[in-house]
Amino acid sequence: MSTNLEIEYKSLLSLAEYDQLKLLFTHITPVRQTNHYLDTPDYKLRRKKLALRIRTFDRDAEMTLKVPQEIGNIEYNISLSLDEAQFLLGEKDLTCGKTDLSEIFDLLIERDIDVSEITVIGSLTTIRYEQKLPIGLCALDKNDYLGHTDFELELEVEENTQGKRDFFDFLEKNQVEYRFSKSKVVRFLDCLRHLKKIKARSPSLFLYMIRVPF
């Protein structure tokens, strides 16, 4: 298992801003990745401000647990083969695979999470352009989830104060308006709650909305 302190700044983008910033990434080949979010049916992890996912790429995958810190999040990562990730997601049971996930399980158990209750709650697919800049690791994302599409700029930095200054300088230099961005998993869950309310009121409208991007 590897660990990483993630300190990042982010802003939601308009489509026009996304297209504008994409001109800075013309030499970058985009990567398609899908976050499969994991939680208990009653969202015990979210209530404890934890985030657990399996992220799949074209050829491999990884499981990540994010634990909030005073500044940033500690990420605990375990590599998976794509076949194993797909098996775990298909079974919706993290305990049935071959890879040793006990280090992440122990962190969850310490926080009173019953691993056997964890299941797949949904997925978010990102087309990501990423490059290393002098100010940090910069990612330009197009995200699709639950019939919704949004655009986002992220900057992962090593130091909080200077990183924040560099991020806002970058936005100003590129004439991009700052828009507060919740984490991807929180945006996904907000959208899921919204759709559940719509489904309860109008099942036909719910089916339309998850098929047509909005």
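Described in the following lines is the structure provided in the data block. (Residues numbered from 1 in each chain as written. Predicted model: local features only at pLDDT ≥ 70, side-chain atom pairs only at ≥ 80, totals over all residues. Heavy atoms only, no water.)

1. Quick word on the overall build of the chain
On a plain count of helices and strands, the chain comes out with seven helices and eight strands. Computed over C-alpha atoms, the radius of gyration of the chain comes to 18 Å, within 12% of the 17 Å expected from 2.2 N^0.38 for 214 residues, which places it in the range of a compact globule. Taken along its principal axes, the extent of the C-alpha atoms in the chain is 50 × 45 × 35 Å. Within the chain, buried positions represent 46% of all 214 residues. A separation of at least 24 residues holds for 61% of the contacts in the chain among residues at least 6 apart in sequence. Only carbon and sulfur atoms are counted for the fraction: they give 51% of the accessible area of the chain, which is about 11800 Å². The distance from the centre of the 31 positive side-chain charges to the centre of the 36 negative ones in the chain is 7 Å. (Helix = DSSP H or I, 4+ residues; strand = E, 2+ residues; numbered from the N terminus. Rg over C-alpha atoms; globule rule 2.2 N^0.38 Å. Buried < 20%, exposed > 50% of the residue type's maximum accessible area, 1.4 Å probe, protein only. Contact = heavy atoms within 4.5 Å. Areas by Shrake-Rupley, 256 points an atom, 1.4 Å probe, with all protein chains shown as cover. Lys, Arg positive; Asp, Glu negative; His and termini not counted. Charge placed at Lys NZ, Arg CZ, Asp CG, Glu CD.)

2. Thoughts on the nonpolar core
Counting 25 residues, the largest nonpolar core has Leu52, Ile54, Met63, Leu65 and Leu108 as the members making the most contacts within it. Sequence-distant contacts of Met63, defined by excluding residues within four places in its chain, comprise Leu38, Leu52, Arg53, Ile54, Tyr76, Asn77, Ile78, Leu80, Leu94, Leu101 and Ile104. Listed in part, the 19 residues of the second largest apolar core include Tyr9, Leu13, Ile28 and Tyr129. (Core = buried A, V, L, I, M, F, W, Y, C linked by side-chain atoms within 4.5 Å.)

3. What to know about the pairing of strand 2 (residues 31-39)
The buried count for strand 2 comes to seven of nine residues, which makes it a mostly enclosed element. As paired strands, strand 2 and strand 6 (residues 119-133) are joined by nine bridges and run antiparallel to one another. In the sheet register, Asn35 faces strand 6, and the bridge partner there is Leu124. As paired strands, strand 2 and strand 3 (residues 51-56) are joined by five bridges and run antiparallel to one another. Across the sheet, residue Leu38 finds its bridge partner in strand 3, namely Leu52. (Pairing = 2+ DSSP bridges.)

4. Topic: the packing of aromatic side chains
Tallying each qualifying case throughout the model produces seven aromatic pairs. Aromatic pair Tyr9 and Phe167: ring centres 6.1 Å apart, planes at 25°, arrangement stacked. Within this pair, whereas Tyr9 is found in strand 1 (residues 2-13), its partner Phe167 is found in helix 5 (residues 160-173), the two being separated by 158 residues in sequence. Since its relative accessible area comes to 15%, Tyr9 is described here as buried. Phe167 gets classed as buried once you look at its relative accessible area, which sits at 1%. Arranged with centres 5.0 Å apart and planes meeting at 55°, the rings of Phe168 and Tyr178 form a pair that is tilted. (Phe/Tyr/Trp six-rings, centres within 6.5 Å; stacked < 30°, edge-to-face > 60°.)

5. Describing a nonpolar patch on the surface
On the surface, a cluster of nonpolar side chains totalling about 310 Å² of accessible area is made up of Phe168, Tyr178 and Phe180. Here Phe180 is to be found in the loop between helix 5 and helix 6 (184-201). (Patch = residues over 30% accessible without salt bridge, like charges linked within 9 Å, V, L, I, M, F, W, Y side chains within 5 Å. Salt bridge = Lys/Arg side-chain N within 4 Å of Asp/Glu carboxyl O.)

6. Re the pairing of strand 4 (residues 60-68)
Relative to strand 4, strand 3 is paired through six bridges, and the arrangement is antiparallel. Bridge pairing in strand 4 places Thr56 opposite Ala61. Here strand 3 hands over to strand 4 after three residues, the two strands then running antiparallel side by side. In this sheet, strand 5 (residues 73-81) lies alongside strand 4 in antiparallel orientation, the contact comprising nine bridges.

7. Topic: the pattern of salt bridges
Under the criterion given, the structure shown has 20 salt bridges. Across the pair Lys44 and Asp42 runs a salt bridge whose closest N-O atoms are separated by 2.9 Å. The exposure class of Asp42 is partly exposed, given its relative accessible area of 35%. The partner of Arg111 in a salt bridge is Glu110, and the shortest N-O contact between them spans 3.7 Å. What makes Arg111 partly exposed here is its relative accessible area of 26%. Since its relative accessible area comes to 58%, Glu110 is described here as exposed. The structure contains a network of salt bridges with shared partners spanning Glu8, Lys10, Arg128, Glu130, Asp141, Asp150, Glu152, Glu154, Lys184 and Arg187.

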